[in-house]
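Analysis of the macromolecular model
The primary structure of each chain is shown beneath.
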Amino acid sequence: MNHSPVEGFSKLSKQRKIDWLIKEYLNDDRSYEQILQQYWNGDATLQKLHEEFSENTISNFYMPYGIAPNFLIDGKLLALPMAVEESSVVAAASKAAKFWIDKGGFKTTIINTKKLGHTHFILNVEPHKLQHFFNFKLKKKLFEATEEITKNMRNRGGGILNIRLIDKTADLENYFQLKASFDTVDSMGANFINSCLEQFGKTLKEEVANEEVFTQEEKDSLQIVMNILSNFTPDCIVRAEVSCKIEDLKDDSGISNEEFATKFKRAVTIAEIEPFRATTHNKGIMNGVDAVVIATGNDFRATEACAHAYAAKDGKYTSLTHCTIDDGIFRFWIDLPISVGVVGGLTNLHPLVKFSLALLGKPSAQELMSILAVSGLAQNFAALRSLVTTGIQKGHMKMHLFNILNQLGATEEEKNHFVTYFKDKTVTHHEVITEFNNLRNKN
Ligand code: MEV
């Protein structure tokens with residue numbers, strides 16, 4: 001079927017948008033409207049709030065919101081809020097938290113909190129001439145021109161940390177950058193950074209135009225390409241770690257502590273040297289990180305992009321976690337670059353985000369960085385623990401059982417039957433279907 005483009009879709013009311021979609025794409029089948037409506041919130045104010053988070057909204061898309069308790073992090077016992085649709089992620093986190101609770105828990109260190117942004121520009125000028133102009137004039141002007149924008153942030157203890165001129169002409173003809181580092185304290189700081197950078201672009205333009213050392217031709221060559229923060233923040237980084245004596249590393253799968261430690265470490269080494277494995281390994285880490293990032297109203301696309309860029313920073317994609325066994329001590333850690341906020345953005349608007357932050361004891365941005373790194377490390381520990389012992393499917397399918405049963409339209413009574421049925425068996429899709437048919441035939 002051919003569809004026609006629509007004019008002014010954003011200006012249509014919610015109902016008119018739905019009417020148009022159902023007519024144009026869904027064969028005029030009004031039952032689809034029901035699906036959208038059943039996710040509308042009965043509280044009109046809350047519904048409006050959600051609609052205004054984004055654009056062209058016609059419904060809400062729910063995600064399960066779960067809790068992983070028993071996380072001992074830097075001596076504090078926390079229950080982590082996790083928004084995630086994948087079964088077994090919350091269970092895995094809870095299991096890892098419980099494993100480490102009596103071994104000192106998770107320890108974290110904030111390594112740095114610097115964020116970065118660039119004004120990318122083209123200027124056909126000798127690099128040393130530009131560097132001289134930057135050192136003796138422009139840099140000071142850039143700080144002065146952003147004083148209004150940075151005032152509140154400076155009052156909160158942050159602001160622009162430094163600005164450098166970067167010569168990129170070896171990579172692209174006449175390409176330079178103003179590379180700035182920022183401290184955005186408790187906010188993620190995207191709007192703050194981008195506002196500063198846009199001002200840099202304007203000031204650069206004005207100052208170059210008024211600068212007598214540049215010829216008219218040089219001045220005319222200036223093009224501000226873009227002013228934008230970088231989501232790659234290798235200097236906004238936290239370490240989370242666990243460690244214990246091998247003799248305390250008891251796994252319940254029946255293998256010895258030494259064998260478990262060796263197998264575990266080898267699995268981490270494989271992720272360090274093999275990008276195909278590293279991608280899945282890191283995906284598992286991000287299961288834990290993203291779930292808490294979303295529950296706390298932060299931007300999971302930014303945290304994903306940053307983590308993977310960091311994993312590839314040395315030219316080969318590798319593991320974000322590492323493991324050593326030295327002098328009988330098992331040590332497992334993650335260095336996670338991550339930029340998040342606890343003020344601004346959705347944090348003051350979304351009621352569940354407010355709940356998450358309250359549950360976590362109203363953490364600072366740095367404390368949230370620590371919690372996120374722990375969540376990623378715990379998730380990776382749980383995944384590797386299963387992978388090197390029982391295999392991942394045993395636990396995963398157990399959690400996935402309810403999805404299969406819901407697809408089959410199982411009743412509560414039937415679901416209870418399956419929980420008992422699979423108590424000591426690995427769940428497989430085939431086995432569920434066979435037993436389901438047996439059960440239905442019997443009844
Ligand atoms: C599944 O979402 C994540 C895992 O594949 C991670 C891993 O293999 O380490 C279990």
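Cut-offs used in this document
Residues numbered from 1 in each chain as written. Predicted model: local features only at pLDDT ≥ 70, side-chain atom pairs only at ≥ 80, totals over all residues. Heavy atoms only, no water. Salt bridge = Lys/Arg side-chain N within 4 Å of Asp/Glu carboxyl O. Helix = DSSP H or I, 4+ residues; strand = E, 2+ residues; numbered from the N terminus. Buried < 20%, exposed > 50% of the residue type's maximum accessible area, 1.4 Å probe, protein only. Contact = heavy atoms within 4.5 Å. Axes fitted to C-alpha atoms, helices over the stretch in contact; angles between N-to-C directions. Parallel < 35°, antiparallel > 145°, perpendicular 65-115°, else oblique. Left-handed = near helix turned anticlockwise from the far one by under 90°. Nonpolar A, V, L, I, M, F, W, Y, C, P; charged D, E, K, R; others polar. Pairing = 2+ DSSP bridges. Phe/Tyr/Trp six-rings, centres within 6.5 Å; stacked < 30°, edge-to-face > 60°. Near = heavy atom within 4 Å. Polar contact = N/O pair within 3.5 Å; in protein donor to acceptor, adjacent residues only side chain to side chain. Areas by Shrake-Rupley, 256 points an atom, 1.4 Å probe, with all protein chains shown as cover. Patch = residues over 30% accessible without salt bridge, like charges linked within 9 Å, V, L, I, M, F, W, Y side chains within 5 Å. Lys, Arg positive; Asp, Glu negative; His and termini not counted. Charge placed at Lys NZ, Arg CZ, Asp CG, Glu CD.

On inspection of all chains with the given rule, the structure shows 20 salt bridges. As a salt-bridge pair, Asp251 and Arg385 come within 2.5 Å of each other at their nearest N and O atoms. Note that Asp251 is positioned in the loop between strand S8 (236–245) and helix H9 (257–273) and Arg385 in helix H13 (residues 365–387), a separation of 134 residues in sequence. In this structure Asp251 comes out as buried when scored by relative accessible area, which is 2%. A salt bridge links Arg385 to Asp252; its shortest N-O distance comes to 3.6 Å. Taken together, the residues Arg385 in helix H13 and Asp252 in the loop between S8 and H9 connect sequence positions 133 residues apart. Three or more residues joined by partner-sharing salt bridges are found here, namely Asp19, Arg30 and Glu33.

Moving on, we get to the side chain of His281. Considering the arrangement of structural elements, one finds His281 in helix H10 (residues 275–295). Beyond its immediate sequence surroundings of up to four residues, His281 is in contact with Val268, Ala271, Ser319, Thr321, Asn380 and Leu384.

Before going further, it helps to spend a moment on the packing of helix H5 (residues 127–145) against helix H7 (residues 190–210). Relative to each other, H5 and H7 sit at 135°, their axes nearing to 10 Å. When the interaxial angle is binned, H5 and H7 end up oblique. Our pair here, H5 against H7, has a crossing hand that is right-handed. When H5 is examined against H7, the residues Phe133, Lys137, Leu138, Lys141, Leu142 and Ala145 are found in contact with a partner set consisting of Gln199, Phe200, Thr203, Leu204, Glu207 and Val208. Along the lines of polarity and charge, the residues of the contact of H5 with H7 split into seven nonpolar, two polar and three charged.

Here the focus is the sheet that holds strand S5 (residues 159–167). Within the open sheet, the four strands sit side by side as S5-S6-S4-S7. Their pairing is antiparallel. Edge strands, defined here as strands with exactly one partner in the open sheet, are S5 and strand S7 (223–229). Each adjacent strand pair in this sheet contributes to an overall mean axis angle of 15°, direction not counted. Bridge count for S5 against strand S6 (residues 175–183) is eight bridges, and the pairing is antiparallel. Pairing of Gly159 across the sheet is with Asp183, part of S6. Along the sheet, H5 makes contact with strand S4 (115–122), S5 and S6, crossing S5 at roughly 165°. Contacts from H7 reach S4, S5, S6 and S7 within the one sheet, and its direction differs from that of S7 by about 165°.

We now examine the side chain of Lys415. Summarising the element assignment, Lys415 is placed in helix H15 (residues 412–421). Among all residues touching Lys415, those that are not within four sequence positions of it are Phe402, Leu405, Asn406 and Ala410.

A few words on the packing of aromatic side chains. In total, this model carries 22 aromatic pairs according to the counting rule given. Here Tyr39 and Tyr62 contribute two aromatic rings whose centre-to-centre distance is 5.0 Å and whose plane-to-plane angle is 90°, an arrangement assigned as edge-to-face. Within this pair, whereas Tyr39 is found in the loop between helix H2 (31–37) and helix H3 (44–53), its partner Tyr62 is found in the loop between H3 and strand S1 (65–73), the two being separated by 23 residues in sequence. The class for Tyr39 is partly exposed, based on a relative accessible area of 31%. Between the aromatic rings of Phe418 and Tyr421, the centroid separation amounts to 6.4 Å while the plane-to-plane angle is 65°, which identifies the pairing as edge-to-face. Of this pair, Phe418 and Tyr421 both sit in helix H15, separated by three residues, roughly a single helical turn.

An order of S3-S8-S10-S9 is seen for the four strands of this open sheet, with the pairing classed as antiparallel. At either end of the open sheet lies a strand with only one pairing partner, and these are strand S3 (107–113) and strand S9 (321–326). Taken over all neighbouring pairs, the strand axes of this sheet differ in orientation by 20° on average, direction set aside. Bridging between S3 and S8 involves six bridges; their strand directions are antiparallel. Considered in S8, the bridge of Ile110 is made with Val238. Taken strand by strand, helix H11 (residues 300–311) contacts S8 and strand S10 (329–337), and its axis lies near 120° from that of S10.

The environment of the ligand is formed by Glu86, Arg277, Thr280, His281, Lys283, Gly284, Asn287, Ala383, Leu387 and Ile392. Arg277 places a side-chain nitrogen or oxygen 2.7 Å from an oxygen atom of the ligand. One of the side-chain N or O atoms of Asn287 is found 2.9 Å from an oxygen atom in the ligand. Taken by itself the ligand offers 300 Å² of open surface, and the protein chains cover 81% of this. Listing elements by their share of the shell around the ligand, those giving two or more residues are H10 and H13.

Another aspect to go through is a positive patch on the surface. A surface patch of like charges, here positive, comprises Lys95, Lys394, Lys398 and Lys423. As for its placement among the helices and strands, Lys423 is situated in the loop between H15 and helix H16 (429–442).

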